[in-house]
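Below, each chain spelled out in residue letters.
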Amino acid sequence: MPTGVPYVARRLLGAAATILLAVTLNFLLFRLAPGDASDLTHVPGASPALRHALRHEFGLDQSLWHQYLAYLGQLAHGNLGVSFANRLPVADNLWTAIGQTCIIALPGLLLAVVIAVATGLLSVWRHGTAVDHASRGTALVLYALPAQWVAIVLISLTSGWLPTAGASDPFAVEQSGLAHALDVAHHALLPAVCYALVAYGQFMIVVRASLLQSLSEDYILTARAKGLSSWQVVRRHALRTALLPVTTLFGLTLGSLVAGIVLIEAAFSWPGIGLAIANAVGARDYPMLQGAFLVVTVVVVLTNLAVDLLYRALDPRVRVSRRA
Amino acid sequence: MRRPSAFGVGLTVLALFCVAALLGPAIAPYGLHEQVGGVFQPPSWSHPLGTDDAGRDVLSLCIGGARVSMVVAVAASFVAIAIGASIGVIAGYSGGLVDGVLMRITDYFLVVPALPLMIVISTVWGPSLWHVVLVIGALLWTPSARVLRAEVLTVRERSYVLRVRAMGASRTRIIVHHVLPQVRALIAANCVLTISVAIFFESALAFLGLESADTVSWGTMIADAFRRAAASSGAWWAFVPPGICIAIVVLACNLVGSAVEDRAGTRLRAPRLSRTGFAVADRTAGEDA
Amino acid sequence: MNVLEVERLNVEVAVAHDGPPTRIVRDASFSLAPGQRLGLIGESGCGKTTTLLAIAGLLSASATVGGRVSIAGVDQFSGIAGGRIPALARRDVGVVFQGTMNALNPVQRIGAQLREGLRAEVRADAQLARARVDDLLERVGLSPTLARAYPHELSGGMRQRACIAIALAGEPRLLLADEPTTALDTLVEQRIVALLDELCRELQLAVVLVSHDLGLAAHFCDEIAVMYGGRIVERGAAAEVTGAPHHPYTALLLAATPTMTSTKGQIVSIPGAPPDLRDLGSGCAFAPRCPRAADVCAARPELRELDAVQVACHRAVSR
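Treat the numbers as computed from the prediction; the structure is a model and nothing was measured.

**Focus: the overall build of chain B**
For chain B, the helix and strand inventory stands at ten helices and one strand. Going residue by residue from the N terminus, the α and β elements of chain B occur as α-α-α-α-α-α-α-α-α-α-β. Counting across all 289 residues of chain B, residues that qualify as buried make up 51%. Put simply, 70% of the contacts in chain B that link residues at least 6 apart link residues at least 24 apart. Carbon and sulfur atoms make up 65% of the accessible area of chain B, which amounts to about 12,800 Å² in all.

**Some words on the confidence of the model for chain C**
A residue-level look at chain C finds 90% of positions with pLDDT of 70 or above and a mean pLDDT of 84. Scored by ipTM, the complex comes to 0.84, with pTM at 0.80.

**Thoughts on the confidence of the model for chain B**
For chain B, the mean per-residue pLDDT works out to 78, and 88% of the residues sit at or above 70. When mean pLDDT is compared element by element in chain B, helix H9 (residues 218-227) of chain B scores highest at 87, while strand S1 (residues 279-280) of chain B scores lowest at 60.

**Here we look at the interface of chain B and chain A**
Counting residues at the interface gives 41 residues for chain B, matched by 56 residues for chain A. Both faces combined, the contact of chain B with chain A buries some 4,600 Å², and carbon together with sulfur accounts for 77% of it. Applying the counting rule to chain B against chain A returns zero salt bridges. For the side of chain B that touches chain A, the secondary-structure elements that each account for two or more residues are helix H3 (96-111), helix H4 (114-125), helix H8 (171-207), H9 and helix H10 (240-263) of chain B. In terms of residues, the side of chain B that touches chain A owes the most to one element, H4(B), which gives nine residues. Across the side of chain B that touches chain A, the residue classes tally to 31 nonpolar, six polar and four charged.

**Focus: the sheet that holds strand S10 (residues 231-237) of chain C**
All names here are of chain C. If you trace the eight strands from one edge of the open sheet to the other, you get S6-S7-S8-S3-S9-S10-S12-S11, paired in mixed fashion. The open sheet has two edge strands, strand S6 (93-96) and strand S11 (304-306), and neither has a second partner. With direction set aside, neighbouring strand axes in the sheet form an average angle of 20°. Relative to strand S7 (residues 174-178), S6 is paired through four bridges, and the arrangement is parallel.

**Description of the side chain of A:Thr222**
Inspection of the secondary structure assignment puts A:Thr222 in helix H9 (residues 218-225). Contacts of A:Thr222, omitting those with residues within four sequence positions, involve C:Phe97, C:Ala103 and C:Ile166.

**What to know about the packing of aromatic side chains**
One pass over the full model with this rule turns up ten aromatic pairs over all chains. Pairing A:Trp65 with A:Tyr68 gives two aromatic rings, centres 5.8 Å apart and planes at 40°, and the pair type is tilted. One end of the pair is A:Trp65 and the other is A:Tyr68, both in helix H4 (residues 64-76) and three residues apart, which spans about a single turn. Among the residues examined, A:Trp65 registers a relative accessible area of 56% and is labelled exposed. Look at B:Phe109 and B:Trp141: their rings are 5.5 Å apart centre to centre, the planes differ by 55°, and that puts the pair in the tilted class. Pair noted here: B:Phe109 is in helix H3 and B:Trp141 is in the loop between helix H5 (129-139) and helix H6 (142-155), with a separation of 32 residues, a long-range link.

**Let's talk about unusual backbone geometry**
With the exception of glycine, the majority of residues adopt a negative phi angle, and the majority of peptide bonds are in the trans configuration. Residues and elements named next belong to chain C. The residue Asp 27 is not glycine, and still its phi comes out positive at about 50°. By secondary structure assignment, the location of Asp 27 is in strand S2 (residues 21-32). Among the residues examined, Asp 27 registers a relative accessible area of 19% and is labelled buried. The residue Glu 171 is not glycine, and still its phi comes out positive at about 50°.

**Regarding the packing of helix H5 (residues 90-125) of chain A against helix H8 (residues 177-215) of chain A**
Residue and element names in this part refer to chain A. The N-to-C vectors of H5 and H8 enclose an angle of 35°; their axes lie 5 Å apart at closest approach. Here the hand of the crossing between H5 and H8 comes out right-handed. In the contact of H5 with H8, the residues fall into 26 nonpolar, four polar and one charged.

**Some remarks on the pattern of salt bridges**
Residues and elements named next belong to chain C. Overall, the coordinates contain 20 salt bridges over all chains when judged by the stated rule. The shortest N-O distance in the salt bridge between Arg 68 and Glu 7 comes to 3.2 Å. Placement of the pair is Arg 68 in strand S4 (residues 63-71) and Glu 7 in strand S1 (residues 4-14), with a sequence separation of 61 residues. Accessibility expressed as a relative area gives 42% for Glu 7, which makes it partly exposed. A single salt-bridge network, built from bridges that share partners, covers Arg 119, Arg 132, Asp 135 and Glu 171.

**Considerations on the nonpolar core**
B:Leu115, B:Ile119, B:Ile136, B:Leu208, B:Trp218 and B:Phe239 are the most contacted members of the largest nonpolar core, which has 135 residues in total. Listed in part, the 102 residues of the second largest apolar core include C:Ala56, C:Ala169, C:Ala225 and C:Ile232.

Calculation rules
Residues numbered from 1 in each chain as written. Chains lettered and ligands numbered in written order. Predicted model: local features only at pLDDT ≥ 70, side-chain atom pairs only at ≥ 80, totals over all residues. Heavy atoms only, no water. Helix = DSSP H or I, 4+ residues; strand = E, 2+ residues; numbered from the N terminus. Buried < 20%, exposed > 50% of the residue type's maximum accessible area, 1.4 Å probe, protein only. Contact = heavy atoms within 4.5 Å. Areas by Shrake-Rupley, 256 points an atom, 1.4 Å probe, with all protein chains shown as cover. pLDDT = per-residue confidence, 0-100. Buried area = accessible area lost by both parts, 1.4 Å probe. Salt bridge = Lys/Arg side-chain N within 4 Å of Asp/Glu carboxyl O. Nonpolar A, V, L, I, M, F, W, Y, C, P; charged D, E, K, R; others polar. Pairing = 2+ DSSP bridges. Axes fitted to C-alpha atoms, helices over the stretch in contact; angles between N-to-C directions. Phe/Tyr/Trp six-rings, centres within 6.5 Å; stacked < 30°, edge-to-face > 60°. Left-handed = near helix turned anticlockwise from the far one by under 90°. Core = buried A, V, L, I, M, F, W, Y, C linked by side-chain atoms within 4.5 Å.

See below:
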């Protein structure tokens, strides 16, 4: 890596390279599949002439390199193709889906982080006691359970008194704005809680380990020697240093968070990007699948980038070594 | 009496599940595709875990499903370790450009969301158990590659490795005889931890219908129970046991994996602040321990 | 009245999670008058730092203390029995740790870390607090502009000065210093020692200095206590202890200390390793490494008066 280039520029370049790699992989995966895309469309009894016409229409008779450039060109215009399933542009479908995903993912994550920090703190505070073992055990078990299983258990536990499928009541027509929002919130409750539970396990383990680490540092002794109260020591000295590395670890757990949202949306039929992926698998809707994978990758790469830059903005040590 | 170590507990549990996977059909009370009772029958003496939507014995399915789940997980983990170890060792040992390129690729696979990529690949390839093994294996190699590279970097500078290199030993020989023995524990820890991740992904792919329909694994059991509305019909016995099996294996893997990692070096940390503070002995001071 | 009184201090620490507690400090007793300085000397693992942490009330939850520590007449351990962290008389105590290590919070500015150590009434007045922070920094030879700096922007010696400033912020009467100059280079070490010396004299501070460096302690302290295997094995005026050591361990430590004046002399190292505190046996802990060990050493020696010092050795003779 050239050292003269500022860190932010280097990171942006890296992220762009990762996305380009994902785009290329995406392109190749579908082109290098056994047969080619015209087989994938499963046109029953297609005559050789029709196949040829299809191949021509999709540009499959051109060289791979030409196809690749054409694909990049389309992407640059925001064109992700047309969904096989509902004949709408993939980009439009995904745009709606992302909004829906945010409705359950953001509150779920927020809930998970808040509880993880609270119980992580409690656990370290009572290090080695029954409270510590219990809260750590709970987190480990939640971490060890598959997301779809947690979803099914929640569905069976609440079946009858909470909606367990979809984002709104399909029979409610002409709802007012507020009523609709309440309906969506009602439907979102269970998937969001489920997501919080699934994400909580690993967050808590990471927060606990990080807090344990920072509470074992020498400066905790210095702070205690000043006569600060225990809570002051934790708040001013342990939490800040502990939560800084957690921000980067959050970036690293993104992969499993994405997996969780796919499974949970599939289980609750929540019309977000995860359900889009799951449905595309069932319907062999390749353009949707390809588009969704690309979008998810871009979101993950950008989130990682944001988390990294945030970390550097918050941690004075890195801030300065960048200048140096 | 000494409390059993986490390592011992984890290893015992894993061994039990491996035995179940090996003997599977032989120790299962009923056949895997045999209708032995009504649909969603609750647990009873003849069927301790009830029956599923096709009237099959859930206990038998759990034991039989262990085979597919464990084999897929272990095989995928071996694939991952083989790829990761090769890349890590080659990158660490070659340095320079090779190292740079390999590490960039590793970085990419570290951030790319694994499950969606697995879904894409298995959709394109078509549902098959071997595809699942290869896909999971091909995407879980990054951690072991990084760990091994770091370890190789330190090992290869140690004096005895420098010495044998000076004596003209070939690279392969040095890697096999001097580097690999050093990182054996780390490879083992990584392998076990990868098994736990692989078992997750197996169940996820099964849940999304990317495993062939006649396969019986813990993943397909959960998927079938979901699809046949076991949750809303109150048939908890159809999905609770396979989920618990997965959780137990994942926990056991983590116990073993972190115990091995701990043994490989990290020191015990004690917080320098806690609610209780230190204790004051009740007995009179000065007596000898 | 003595600033510090330590009477038969015992500390046990559970090293492993479920492991049996190990007794790190055994029956340590000493006291300090205002302005008096004591050096606690020994190899690593002899219990000197644990003694210091026990006095400061900074032991972790895995530790159990016995005996009595009182600072300025206030018993330090009486409040703990209920399982609470006691309201220690920490205001009367300042602690200096190894500043080059991790004794300063890496993500907090020096000024903020200093402000935290001020007495509550000073801290309450923002203007007064700022003036006091500037004053403290100047006192330890740092520019007041460094209040806005982060620890990693400072050199090792500057960080150590900041640590001293923090220790003094609460206007203590007792200063506990744990290896305050270890890991600093010789030149910086001398300056830091001179600074500590000047400040302690000026503020009439009683000092407990923990160090492995007998030469430094002899130069800085009035009195020296040599620890081995968790016990004080020799104690007395600095000149007496370093002038004509009675305990064979002290003699060996002294021989192993390079002095400023005689760098040419051969440096002796003490054969063997420090004892395993989990398994000390019933005799003299130093006997296995002692050149003068004899049969009597199978019984544990008590501290006894000999010449002007106290020594725990059967073989020590008056001179």
